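What follows is each chain in one-letter form.
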Amino acid sequence: MADPYQNNVYQQGGDNTYSTFGEGGQDGYGGDYPAQDEDAASDATEGHDEDDEMYEGEYQGIPHPEEVKAAQRAARVAQREKARAAGEGAREEEELADQYEAIMEDCGHGRFQWTLFVVTGLALMADGVECFVVGFVLPSAEKDMCLSNANKGMLGLIVYLGMMVGAFVWGGLADTVGRKKCLIIALAINCVFGFLSSFAQGYGFFLFFRLFSGIGIGGSVPIVYSYFSEFLSMEKRGEHLCWLCMFWMVGGLYASFTAWGIIPHYGWGFSMGTEFQFHSWRVFVLVCALPAIAALIGLTFMPESPRFLLENAKHDEAWMILKKIHDTNWRAKGEPERVFTVSQIKTPKQQDEFIEIQSSTGTAFQRWLVRSLTLSKQVIKNVISLASPELRLSSLFMAIIWFTMAFSYYGLSVWFPDMIKYLQYEEYEAKVKLFHREKVEHFTFNFSLENQIHKEGEYINDKFTHIEIKSVKFQDSLFEDCYFEDIKSTETFFENCTIKFTVFYNTDLSADNFIDCNLENTTFLQPKKGCHLDYQEENDILIYLVSFLGSLAVLPGNIISALFMDKIGRVKMIGGSMLISAGCTFFLFLSFSQAAIIAWQCLFCGVSVAAWNGIEVITVELYPSSKRTTAFGMLNALCKLAAILGSSIFASFVGITKVVPILLSFAALVCGGLLALKLPDTRKKLLL
């Protein structure tokens, strides 16, 4: 079988030649570099006194950090040689991983990683915002666009559908085209279609734009974690990937806070006639695109992942980026004289020769077709490789864990606010006023009617003018010679009524409001166009507060998981968090009030976030660089599928029973948590 790696390395020198890698036990890094001449050595140490550089812990018997790192490198090399001698066949990609780890240790963790941390964090924040946008605008958008219940349900799920497609597509492409390039394109698509969706007046266009906005942002999670992890050393990886997870929480806080501050303000919008309305909820949609725009701008100043470049045999680019990271970090630490001493880097073979040959022949369309087909084949090949013998079991376990976690988390995320709304509705209905067999003649109703039921009433020669009618039902009633003018209605219905010689002028009452009614000589003049938008009623502050508190409750779990991820381990973190979260779901049986539901939501979110952090860290570490974003994209797409199923199933039981959602979430979390304990520990695992 052909070795996927060339037995060569890149040597940075005057003639840009290649030398043999691995001869004599050398790995091209650390203390085994080719000897420098005396002048070069004196230049590197000029102006430095060895006595001045004395390590202050030397007299206390504390080893120097550089000595510790050197010992760790030597141990890894010895372990690899031992495995090879035992016939286990240490792979060439493991040697590359070991060398790359040593290079990242030498580059240090500093200004460059923190800058990239903020940029990739903004991209992750944009994903968090996207999950909240539709939920916050739906109460306003459904009135603004006159949406039916079926349309509302589709609008709520369309973003997850787009994110599912985007995770699969961009995850697969990032392993072939590049992390940075795919992330930039994905964020650009999200920004463009998010911007267009804020101006879409019709339901169809709004649905279409939100779908493609979701497809764009769907690539952020699988690419961001893979991209950022490839700039981290092993000792920093678990902790700093957990800190990165906090940006998703920040996205939820940002969305909740801005929705709270923008949507209820009707005056923040404008209109152009009756055909174009730009209400404040559309302003909120625009504001939600800001994190993606900021991440897009920041990414233009960031380099491609050097690990990806090495996997694709782009030696010069990778070496220059690694040198830039090294120099940036050590200059920021006050040591600009530190020299980047890496001269040799192991690289794999170039696999895209067919594309390069075709780039100089044929028409533009033929070249595009060849590249597209080749690219698709490479992505499909990567996807199929996830079922290879060495990855099959891990992929199966990770798929089940991702699915069960997402099914419970997203299902309960929908169930919590829906239960609060249901409790509010029950409380509201308990205060309904009943009027039975009332008879009103020659009377003018110039005051609003709310939360009332009128049965078998008679209204003769009455006027209803300049009022709002909310949650009112007229059942088996008679309206004769009545006049309705300038009426705004919400949840108002006429059931089995007889309406004679009555005029409806400038009202929003339509055929949907009259159920099994007998209309005789009834006229509708100048009906209102569009739907009535009541910002005070449709934007309950409690809903924003619930989302805000749920996002904020994640903070303690994020901090704890970041501090203990490397101490406890990914496996125990995931399993423990999921099992404790399963126990928390039983407290939902005690949720009889809005305050109780909010409290249990905060508890569940705070505990379960540790599992999410562990899942994302271990997903990065289980898969080799050539398949990392493909695997992450597949698993994240499965996560969004679970989100669609969970939110749909859990929402259907609101107001019916709490038992089914609680038992479903408990069973899923227990199953995933126990299975997580079977995963391999990747704390000390090199990124292959």
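Residues numbered from 1 in each chain as written. Predicted model: local features only at pLDDT ≥ 70, side-chain atom pairs only at ≥ 80, totals over all residues. Heavy atoms only, no water.

Quick look at the sheet that holds strand β10 (residues 458-460)
- Across the sheet, which stays open at both edges, the 5 strands sit in the order β7-β10-β12-β15-β18 with parallel pairing between neighbours. This sheet does not close on itself; its edge strands, each paired only once, are β7 (439-441) and β18 (518-520). Going from strand to strand, the sheet's axes swing by 5° on average, the running direction of each strand aside.
- Pairing between strand β15 (residues 498-500) and β18: 3 bridges, direction parallel. The residue bridging Lys500 from the neighbouring strand is Glu520, located in β18. (Pairing = 2+ DSSP bridges. Helix = DSSP H or I, 4+ residues; strand = E, 2+ residues; numbered from the N terminus. Axes fitted to C-alpha atoms, helices over the stretch in contact; angles between N-to-C directions.)

Let's talk about the pattern of salt bridges
- Under the defined criterion, the tally for this structure stands at 13 salt bridges.
- Asp175 serves as the salt-bridge partner of Arg179, at 2.7 Å between the closest nitrogen and oxygen. Taken individually, Arg179 and Asp175 each receive the classification buried, so the pair is uniform in this respect.
- Across the pair Arg570 and Asp566 runs a salt bridge, and its minimum N-O distance is 2.6 Å.
- Given a relative accessible area of 24%, Asp566 falls into the partly exposed group. (Salt bridge = Lys/Arg side-chain N within 4 Å of Asp/Glu carboxyl O. Buried < 20%, exposed > 50% of the residue type's maximum accessible area, 1.4 Å probe, protein only.)

Here we look at the state of the cysteines
- Inspection of the entire model under this criterion finds 0 disulfides.
- Cysteine Cys245 is unpaired, with the sulfur of Cys242 as its nearest cysteine sulfur at 5.5 Å. (Disulfide = S-S within 2.5 Å.)

Section: the nonpolar core
- By size, the foremost hydrophobic cluster in this structure holds 151 residues, and its most contacted members are Leu155, Tyr225, Leu244, Phe284, Met398 and Tyr410.
- Of all the elements, helix α4 (residues 111-144) adds the most residues to this core, at 18 residues.
- Counting residues in each nonpolar core, the second largest holds 19 residues, with Phe445, Phe474, Cys482 and Ile499 among its members. (Core = buried A, V, L, I, M, F, W, Y, C linked by side-chain atoms within 4.5 Å.)

Regarding the pairing of strand β11 (residues 463-475)
- Pairing analysis gives 2 bridges linking strand β8 (residues 444-445) to β11, with the strands arranged parallel. In the sheet register, Thr444 faces β11, and the bridge partner there is Lys463.
- Here strand β9 (residues 449-455) runs beside β11; their pairing, made up of 6 bridges, is parallel. Residue pairing across strands places Lys455 opposite Gln475, the latter belonging to β11.
- Note that β11 and strand β13 (residues 483-490) share 7 bridges and pair parallel. Each residue of the ladder has a partner; that of Lys470, found in β13, is Thr490.

Focus on the pairing of β13
- Examined bridge by bridge, β13 and strand β16 (residues 503-507) share 4 bridges and lie parallel to one another. Its bridge partner lying in β16, Tyr483 is registered against Val503.

A few points about the confidence of the model for the protein chain
- Looking at the protein chain, pLDDT values average 79 and 80% of them are 70 or higher.
- Taken element by element, the predicted model of the protein chain shows its lowest mean pLDDT in strand β2 (residues 18-20) (35) and its highest in helix α11 (residues 290-299) (94).
- Confidence drops under a pLDDT of 50 for residues 83-90, and excluding neighbours within four residues, the segment shows 6 contacts in the predicted structure.
- The low-confidence segment residues 533-539 (pLDDT under 50) makes 21 contacts with residues lying over four places distant or belonging to another chain. (pLDDT = per-residue confidence, 0-100. Contact = heavy atoms within 4.5 Å.)

A few points about the environment of Glu337
- One can find Glu337 in the loop between α13 (315-332) and β5 (344-348).
- Here the alpha-carbon distance between Glu337 and Asp327, two residues 10 residues apart in the chain, equals 8.9 Å.

Section: the packing of helix α9 (residues 234-262) against helix α10 (residues 280-287)
- Following both chains from N to C, one finds α9 and α10 inclined at 150°, their axes separated by 9 Å at the closest point. Relative to α10, α9 is oriented roughly antiparallel. As α9 packs across α10, the resulting crossing turns out to be right-handed. Contacts between α9 and α10 involve Tyr254, Ala255, Thr258, Ala259 and Ile262 from the former and Ser280, Val283, Phe284 and Val287 from the latter.
- By residue class, the composition of the contact of α9 with α10 is 7 nonpolar, 2 polar and no charged. (Parallel < 35°, antiparallel > 145°, perpendicular 65-115°, else oblique. Left-handed = near helix turned anticlockwise from the far one by under 90°. Nonpolar A, V, L, I, M, F, W, Y, C, P; charged D, E, K, R; others polar.)

Looking at the packing of aromatic side chains
- Inspection of every chain in the model, using the stated rule, returns 49 aromatic pairs.
- Pairing Phe132 with Trp248 gives two aromatic rings, centres 6.1 Å apart and planes at 55°, and the pair type is tilted. Of the two residues, Phe132 sits in helix α4 while Trp248 sits in helix α9, which places them 116 residues apart along the sequence.
- The class of Trp248 is buried, set by a relative accessible area of 19%.
- Counting every residue linked through ring pairs, the aromatic cluster contains Phe443, Phe445, Phe447, Tyr459, Phe464, Phe474, Phe479, Phe484, Phe494, Phe504, Phe514 and Phe524.
- Directly above the aromatic system of Trp330 lies the positively charged group of Lys333, at a separation of 4.6 Å from the ring centroid.
- In this structure, Arg338 is placed above the aromatic ring of Trp330, and the distance from its NZ or CZ to the ring centre is 3.8 Å. (Phe/Tyr/Trp six-rings, centres within 6.5 Å; stacked < 30°, edge-to-face > 60°. Lys NZ or Arg CZ within 6 Å of the ring centre and 35° of its normal.)

Observations regarding the side chain of Thr328
- Locating Thr328 in the fold gives a position in helix α13.
- Discounting residues that sit within four places of it in the chain, Thr328 has contacts with Arg111 and Phe112.

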